[in-house]
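Understanding the architecture of this molecule
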2 protein chains.
Amino acid sequence: MSEGERFTLAEARDLAVKALVTAGTAEGNALSVATALVAAEADGQKGHGLSRLASYAGQVRTGKVKGAAEPQIERLSASAIRVDAGAGFAFPALDCARDALVSMARSQMIAVAAVYNSHHFGQGGYHVERLAEQGLVGLMLGNSPQAIAPWGGTQGLFGTNPIAMAAPRREAPPLVIDLSLAKVARGKVMAAAKTGQEIPEGWALDAEGRPTRDPEAALAGTMIPMGEAKGAALAMLVEILSATLVGANHGFEASSFFTAEGPPPGVGQLLLAFDPTPLSGGGFADRLEILVNALQSQPGARLPGTRRLTAREVAERDGLLVPAAIVAEIKALLR
Amino acid sequence: MSEGERFTLAEARDLAVKALVTAGTAEGNALSVATALVAAEADGQKGHGLSRLASYAGQVRTGKVKGAAEPQIERLSASAIRVDAGAGFAFPALDCARDALVSMARSQMIAVAAVYNSHHFGQGGYHVERLAEQGLVGLMLGNSPQAIAPWGGTQGLFGTNPIAMAAPRREAPPLVIDLSLAKVARGKVMAAAKTGQEIPEGWALDAEGRPTRDPEAALAGTMIPMGEAKGAALAMLVEILSATLVGANHGFEASSFFTAEGPPPGVGQLLLAFDPTPLSGGGFADRLEILVNALQSQPGARLPGTRRLTAREVAERDGLLVPAAIVAEIKALLR
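Every value quoted in this text rests on a predicted model; they were computed, and no experiment measured them. (Residues numbered from 1 in each chain as written. Chains lettered and ligands numbered in written order. Predicted model: local features only at pLDDT ≥ 70, side-chain atom pairs only at ≥ 80, totals over all residues. Heavy atoms only, no water.)

1. Some details on the overall build of chain A
When helices and strands are counted, chain A shows 12 helices and 12 strands. Counting only C-alpha atoms and orienting by the principal axes, one finds that chain A spans roughly 55 × 45 × 45 Å. For chain A, restricting intrachain contacts to residue pairs at least 6 apart in sequence, the fraction spanning at least 24 positions comes to 66%. Measuring between centres, the 30 positive side-chain charges of chain A sit 1 Å from its 33 negative side-chain charges. (Helix = DSSP H or I, 4+ residues; strand = E, 2+ residues; numbered from the N terminus. Contact = heavy atoms within 4.5 Å. Lys, Arg positive; Asp, Glu negative; His and termini not counted. Charge placed at Lys NZ, Arg CZ, Asp CG, Glu CD.)

2. Things to note about the sheet that holds strand 5 (residues 137–142) of chain A
Residues and elements named next belong to chain A. If you trace the seven strands from one edge of the open sheet to the other, you get 2-3-4-11-5-6-7, paired in mixed fashion. Lying at the two open borders of the sheet, with one neighbouring strand each, are strand 2 (72–77) and strand 7 (175–179). Averaged over neighbouring strand pairs, the angle between their axes works out to 15 degrees when direction is ignored. One ladder, built from five bridges, connects strand 2 with strand 3 (residues 80–84); its direction is antiparallel. Counterpart to Glu 74 in the pairing with strand 3 is Arg 82. Packing against the sheet, helix 5 (residues 124–133) makes contact with strand 5, strand 6 (163–167), strand 7 and strand 11 (267–274), and its axis sits at approximately 25 degrees to strand 6. (Pairing = 2+ DSSP bridges. Axes fitted to C-alpha atoms, helices over the stretch in contact; angles between N-to-C directions.)

3. Description of the environment of Met 165 of chain B
Topologically, Met 165 of chain B is positioned in strand 6 (residues 163–167). For the pair Met 165 of chain B and Val 137 of chain B, spaced 28 residues apart in sequence, the C-alpha to C-alpha distance is 7.2 Å. Apart from the residues lying within four places of it in its own chain, the contact partners of Met 165 of chain B are Leu 237, Ile 240 and Leu 241 of chain A together with Val 128, Val 137, Gly 138, Leu 139, Leu 175, Val 176 and Ile 177 of chain B.

4. Regarding the packing of aromatic side chains
Residues and elements named next belong to chain A. Under the definition given, this model contains two aromatic pairs over all chains. On the basis of an interplanar angle of 45 degrees and a centroid distance of 5.1 Å, the ring pair of Tyr 56 and Phe 89 is categorised as tilted. Taken together, the residues span a long stretch of sequence, with Tyr 56 in helix 3 (residues 53–62) and Phe 89 in the loop between strand 3 and helix 4 (90–108) at a distance of 33 residues. The exposure classification of Tyr 56 matches that of Phe 89, with both residues buried. In this structure, Arg 130 packs its charged tip against the face of Tyr 126, placed 4.7 Å from the ring centre. (Phe/Tyr/Trp six-rings, centres within 6.5 Å; stacked < 30°, edge-to-face > 60°. Buried < 20%, exposed > 50% of the residue type's maximum accessible area, 1.4 Å probe, protein only. Lys NZ or Arg CZ within 6 Å of the ring centre and 35° of its normal.)

5. Comments concerning helix 1 (residues 9–23) of chain A
Residue and element names in this part refer to chain A. Helix length check: helix 1, at 15 residues, gives a terminal C-alpha distance of 21 Å against a target of 21 Å (1.5 Å per residue), a fit within 8%. All of the buried residues along helix 1 are Ala 12, Leu 15, Ala 16, Val 17, Ala 19, Leu 20 and Ala 23. Contacts made by the buried residues of helix 1 are with strand 1 (5–7), helix 2 (27–42), helix 3, strand 12 (320–322) and helix 12 (324–333). Taken from the residues just after helix 1, Gly 24 is the one with a positive phi, measuring 115 degrees. (Expected span 1.5 Å × (residues − 1).)

6. Remarks on the packing of helix 2 of chain A against helix 4 of chain A
Residue and element names in this part refer to chain A. The N-to-C vectors of helix 2 and helix 4 enclose an angle of 90 degrees; their axes lie 8 Å apart at closest approach. Judged by the inter-axis angle, helix 2 sits roughly perpendicular to helix 4. Here Asn 29, Ser 32, Val 33 and Ala 36 of helix 2 come into contact with helix 4, specifically with Phe 91, Pro 92 and Asp 95. (Parallel < 35°, antiparallel > 145°, perpendicular 65-115°, else oblique.)

7. A word on the interface of chain B and chain A
Taken together, the contact pairs 73 residues of chain B with 73 residues of chain A. Buried surface at the junction of chain B and chain A, both sides included, amounts to about 5,800 Å², of which 75% is carbon and sulfur. Between Arg 287 of chain B and Glu 253 of chain A there is a salt bridge, with the nearest N and O atoms lying 2.6 Å from each other. The interface formed by chain B and chain A holds 23 residue pairs in polar contact (both at pLDDT 80 or more) in total. With 10 residues, the single largest contributor to the side of chain B that touches chain A is helix 8 (residues 228–244) of chain B. Of the residues belonging to the side of chain B that touches chain A, the class tally is 47 nonpolar, 19 polar and seven charged. (Buried area = accessible area lost by both parts, 1.4 Å probe. Salt bridge = Lys/Arg side-chain N within 4 Å of Asp/Glu carboxyl O. Polar contact = N/O pair within 3.5 Å; in protein donor to acceptor, adjacent residues only side chain to side chain. Nonpolar A, V, L, I, M, F, W, Y, C, P; charged D, E, K, R; others polar.)

8. Here's the deal with the nonpolar core
Ranked by internal contacts, the top residues of the largest apolar core, which has 110 residues, are Leu 241 and Phe 274 of chain A together with Ile 240, Leu 241 and Phe 274 of chain B. Excluding anything up to four places from it in sequence, Ile 240 of chain B contacts Met 165, Ala 167, Leu 175, Ile 177, Phe 284, Leu 288 and Leu 291 of chain A together with Leu 245 of chain B. (Core = buried A, V, L, I, M, F, W, Y, C linked by side-chain atoms within 4.5 Å.)

Below, the structure written as structure tokens:
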């Protein structure tokens, strides 16, 4: 059995663009989405990579995602914008938001974009890393369809609600810290359900709020947050900042990111950019290296993002090995 | 044996002011600190309450804390300030920062204060709750002396690095979410060390990075973060935003908040204020109630901050019962 097919990053992106355009996505939006999916695939974040393409295309076909949406920016002040993603993909809206944030943050030292009417944003790290490449510190919070219950409760209210931050480094790629608040990704439970395997204790609760090792019961229930009670509180904090504050649907109000049916999920993202040189009194770049060096001087400690950068280097050199099942899905989209 | 002495909140504040002034603190600074400590005591957050007073006074006496420091504000833009706490207490600097943030956020929708050269800020919730009382959403990140190691490492680099957020509610006190990133407070390990008791597995690592139940070994080692590896990454994220970004000392560079010896800790805080009405397109207040109601409709789920508000009501009605040992400490400070 073939393990898959190898593509250069450019080839993979072109294929993804074609698949999205064939489904009815506007060319520019398709390029934005494809670029982010291929970057996730290259970084080894396969849950946010090409495996999403068939589901994305299906959502464009039914109109759950508006393939031709044009993000609309409303300027609230010299340092604040709202971005209406127009029930389209999140990536074009976040591209617009980041472009605006860069110039606002350079003149105001801080800037915020409140993105609503939005969709799955993939790797949070992707968006903040783009800001860090412009010399800014980026911080992003986003919500997603319900996955985590309030502590002591039984029903999912909050998404897995990732937090991502990137900081520019003097002579190295940006430092990126990117974490979702579920102890493990729901995708791992879905994979176990497909193969009929039990999941470890501590991953999920059933619909009555009891710990479960049955993946089907877990999918009908909720994911346990990292850090248990504290993590559930943190998920609510992110929900308020990335959904309530921006005027987006909460996790429990949002439709699935996967299925093609139903109304648009309409979730939200809060994206912040800081200009670190003036905010730190000039010392940021040197001081960050001191912190990184202190971490790296400890045997056994690893800088966050190291594995991702290694995967990226390999992908840039050798291309992507895309599993045969995903290649088949993509080729089916081109017909 | 007497269990303690009862004081009204006003009496407790006056006593704390006198103790701090006697040690050499300027009157206005003493009032700022005393107000925050008594608020923490009333909220049942005793680790940030009157138990700190003797240590604070001792630090003023040796000059580790400058009792007469006047916080200096540097205005970077219409939405960004730096605040030099002047190696004084954090509370007067944060009072200044919050006052400035309120007017900036009302005109710019977002504002940031980068506070450096600072000290222990007590309950993060206290500061953001004041912003929420002005109709703003407040977010605060702060660092503290080293307590948490990078994941896989053995030496503390990061503080316990609290994250606090408060949001204004329509007809209820602000919703406050306030969590430190250590699984449990180091104060609990100190208490166990005093009484010679073992601590539960999972709280701390010894100086070689091994799990320990010996409180002395734990104090020589590091605290385990909530959420293990993800929590350690989150602690680094908060360290970068609240120390590197504001130009403050990192956790591993900061002296103790407890002892009177050594240089000032010089830690940092990042305080953000958002104007939720324009950022949400007008729906914030209604939408937050929808989220809160969804949470409260789940049996067993409790809104964050409930216990704190209950303790506060009791303290406002019945006053504070201050343990005899703390009363003795305070009285000794007045001589």
